[in-house]
Amino acid sequence: MPTRPSSARRAAVPRKKAATKKPGVAWSGRFAEPVDERVKRYTASVDFDKRLARDDIDGSIAHARMLAAKKVISRKDLVAIERGMASIRREIQEGRFDWSLDAEDVHLNIERRLTALVGDPGKRLHTARSRNDQVATDIRLWLRRELDAIVALLGKLEVALIDTAEKNADTAMPGFTHLQVAQPVTFGHHLLAYVEMFERDRERFLDCRKRLNRLPLGAAALAGTSYPIDREHVARSLGFDAVTENSLDSVSDRDFAIEFCGCASLAMMHISRLSEELILWMSPRFGFIMLPDRYCTGSSIMPQKKNPDVPELARGKTGRVYGHLMALLTLMKGQPLAYNKDNQEDKEPLFDTVDTLHDTLAIFAEMIPGIRVNRERMRAAATEGYATATDLADYLVKKGLAFRDAHEVVARAVRQAETRGVDLAELSLAELREFSPVIGRDVAKVLTLEGSLAGRKHIGGTAPAAVRAAVVRARRRLAR
Ligand code: ARG
């Protein structure tokens, strides 16, 4: 919004007492004139923080119950507050709530409506708290629920990948390094690599949740409060594991949101790598897979095209999630203790991070089971590029050669196969023996894709048997 700094210097110059002073702005008592219209728009957050309404109401009710239990407010006040909040909840759910810029943010909008509905008890709700500890509580409640949904979606995506991996436990494909054919792997093994990544992401979110799930309410503006509050009571009723330890820290730090965005960035980075591979595999040059049509679009000019828009967008959206992480880190770095209004800027990046990751995961979890695998194309690609050369070298080592000598022998064999335009497995035994007399009939087994794959049967290996065992372990891990 184009607001020049000069207009933001409210009340810096003494002016004539304003004739019209709008009532109802909670903090307007000491101001000589109403806030400039542009400044009002500049400082208001209700347009976006109304997303916290549900959690704001939950937090307020828990606070009011504690105040009543501690006899800071009366039972009658509490009943009125609960009744008022129930109506407000309905109004918001049914889209009848009248959000107003005059009331600045979600907290003041709800409090103002409460007072309009129930009178004086509404004015007592804000006893022993501040919007500073209120908003810190609301974001944590909101983010905890969103985090739980994201953890569930990561699990769903893992299940989709595990199921597809199981079906492709013995589907041979080329494994790449430097995007050059390196050694054969199974497609199932390749997919399970992503299961590992997403499982670490899930663990990271669950770990982030531990630090997120502490109640800051009670810190009030910054220094705590002299009312006889019971923070543990509120923490229990809102499902927090504990209360925060220091009031200044409670209202000022947003590291939990930054940590969340860090976790989200890593998860999007993994999604982006998977996307890049889906895009490559779907290109006719590879022709390894086809994505279901409902995840693709055509071209308005080239009738033959089917574009992998979903993975492309996911790759692109990864950038915006990284951007939000940077925004929040930068937002925080220069702030002195305790609360500063800068923190109001935490919401939009956080909300957009949650929305982007949530939608991306939901779409991927549904898209993965629809992938059509072209086993023949994968297999053919795995037999190009001398993918079993390392297997031949290992074979020679097992027959007594030093690895460096074996490497040399195989390099010569590859050169020969290359001049003849055939694969290693297509060289005759006699031809192979010219490179090394230790080569015997049993070499055929290691030169085939199946032989190469089956040999790597240890934990973490690509053999079909190892993949099936890994599938079982991955499923068990998810069920915990
Ligand atoms: N809307 C504010 C925020 O998001 C709420 C806290 C305002 N506190 C204050 N002292 N102005 O951070």
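This text gives an overview of the structure that appears in the document. (Residues numbered from 1 in each chain as written. Predicted model: local features only at pLDDT ≥ 70, side-chain atom pairs only at ≥ 80, totals over all residues. Heavy atoms only, no water.)

Pairing analysis gives 6 bridges linking strand E1 (residues 172-177) to strand E2 (residues 180-186), with the strands arranged antiparallel. In the sheet register, Thr177 faces E2, and the bridge partner there is Gln180. Joining the antiparallel neighbours E1 and E2 is a turn of 2 residues, in which His178 adopts a positive phi near 55°. (Pairing = 2+ DSSP bridges. Helix = DSSP H or I, 4+ residues; strand = E, 2+ residues; numbered from the N terminus.)

This brings us to the site of the ligand. In the vicinity of the ligand, the contacting residues are Ser45, Asp49, Asp105, His107, Arg131, Asn132, Val135, Tyr339, Gln344 and Lys347. In the environment of the ligand, a nitrogen atom lies 3.5 Å from a nitrogen or oxygen atom belonging to the side chain of Ser45. Within the side chain of Gln344, one N or O atom sits 2.8 Å away from a nitrogen atom of the ligand. Here the ligand, which alone exposes 340 Å², has 85% of that area covered by the protein. The element that contributes the greatest number of residues to the shell around the ligand is helix H7 (residues 131-167), accounting for 3 residues. (Near = heavy atom within 4 Å. Polar contact = N/O pair within 3.5 Å; in protein donor to acceptor, adjacent residues only side chain to side chain. Areas by Shrake-Rupley, 256 points an atom, 1.4 Å probe, with all protein chains shown as cover.)

Aromatic ring pairs are reported here in terms of the distance separating the ring centres and the angle at which the planes meet. With the rule as written, the count across this model stands at 8 aromatic pairs. For the ring pair Trp27 and Phe31, a centre distance of 5.3 Å and an interplane angle of 65° mean the geometry is edge-to-face. The exposure class assigned to Trp27 is partly exposed, which follows from its relative accessible area of 28%. For the pair Phe286 and Phe288, a centre-to-centre distance of 5.2 Å together with 85° between the ring planes defines the contact as edge-to-face. As far as burial versus exposure is concerned, Phe286 and Phe288 are alike and both buried. An aromatic cluster of three or more residues is present, and its members are Phe176, Phe286 and Phe288. Residue placement shows Arg51 over the ring face of Phe351; its charged tip is 5.0 Å from the ring centre. (Phe/Tyr/Trp six-rings, centres within 6.5 Å; stacked < 30°, edge-to-face > 60°. Buried < 20%, exposed > 50% of the residue type's maximum accessible area, 1.4 Å probe, protein only. Lys NZ or Arg CZ within 6 Å of the ring centre and 35° of its normal.)

So, on to the packing of helix H15 (residues 389-398) against helix H16 (residues 403-420). Here H15 crosses H16 at 135°, and the two axes come no closer than 8 Å. As summarised for this structure, H15 and H16 are arranged oblique, according to the angle between their axes. Note on packing geometry: the crossing formed by H15 with H16 is right-handed. Of the residues in H16, those in contact with Ala389, Leu392, Ala393, Asp394, Leu396 and Val397 of H15 are Phe403, Ala406, Val409, Val410 and Val414. For the contact of H15 with H16, the class distribution of residues is 10 nonpolar, no polar and 1 charged. (Axes fitted to C-alpha atoms, helices over the stretch in contact; angles between N-to-C directions. Parallel < 35°, antiparallel > 145°, perpendicular 65-115°, else oblique. Left-handed = near helix turned anticlockwise from the far one by under 90°. Contact = heavy atoms within 4.5 Å. Nonpolar A, V, L, I, M, F, W, Y, C, P; charged D, E, K, R; others polar.)

On to unusual backbone geometry, then. The peptide bond linking Leu337 to Ala338 adopts the cis configuration, its omega dihedral lying at 0°. By the element assignment, Ala338 lies in the loop between helix H12 (309-333) and helix H13 (347-367). One non-glycine residue, Lys71, lies in positive phi territory at about 60°. Counting through the fold element by element, Lys71 comes out in the loop between helix H3 (53-69) and helix H4 (75-93). Take Lys71: its relative accessible area is 72%, and that puts it in the exposed class. Of note in this structure, Leu179 is not a glycine but carries a positive phi near 60°. Mapped onto the elements of the fold, Leu179 is located in the loop between E1 and E2.

Geometric descriptors of this kind do not, in isolation, establish any biological role.
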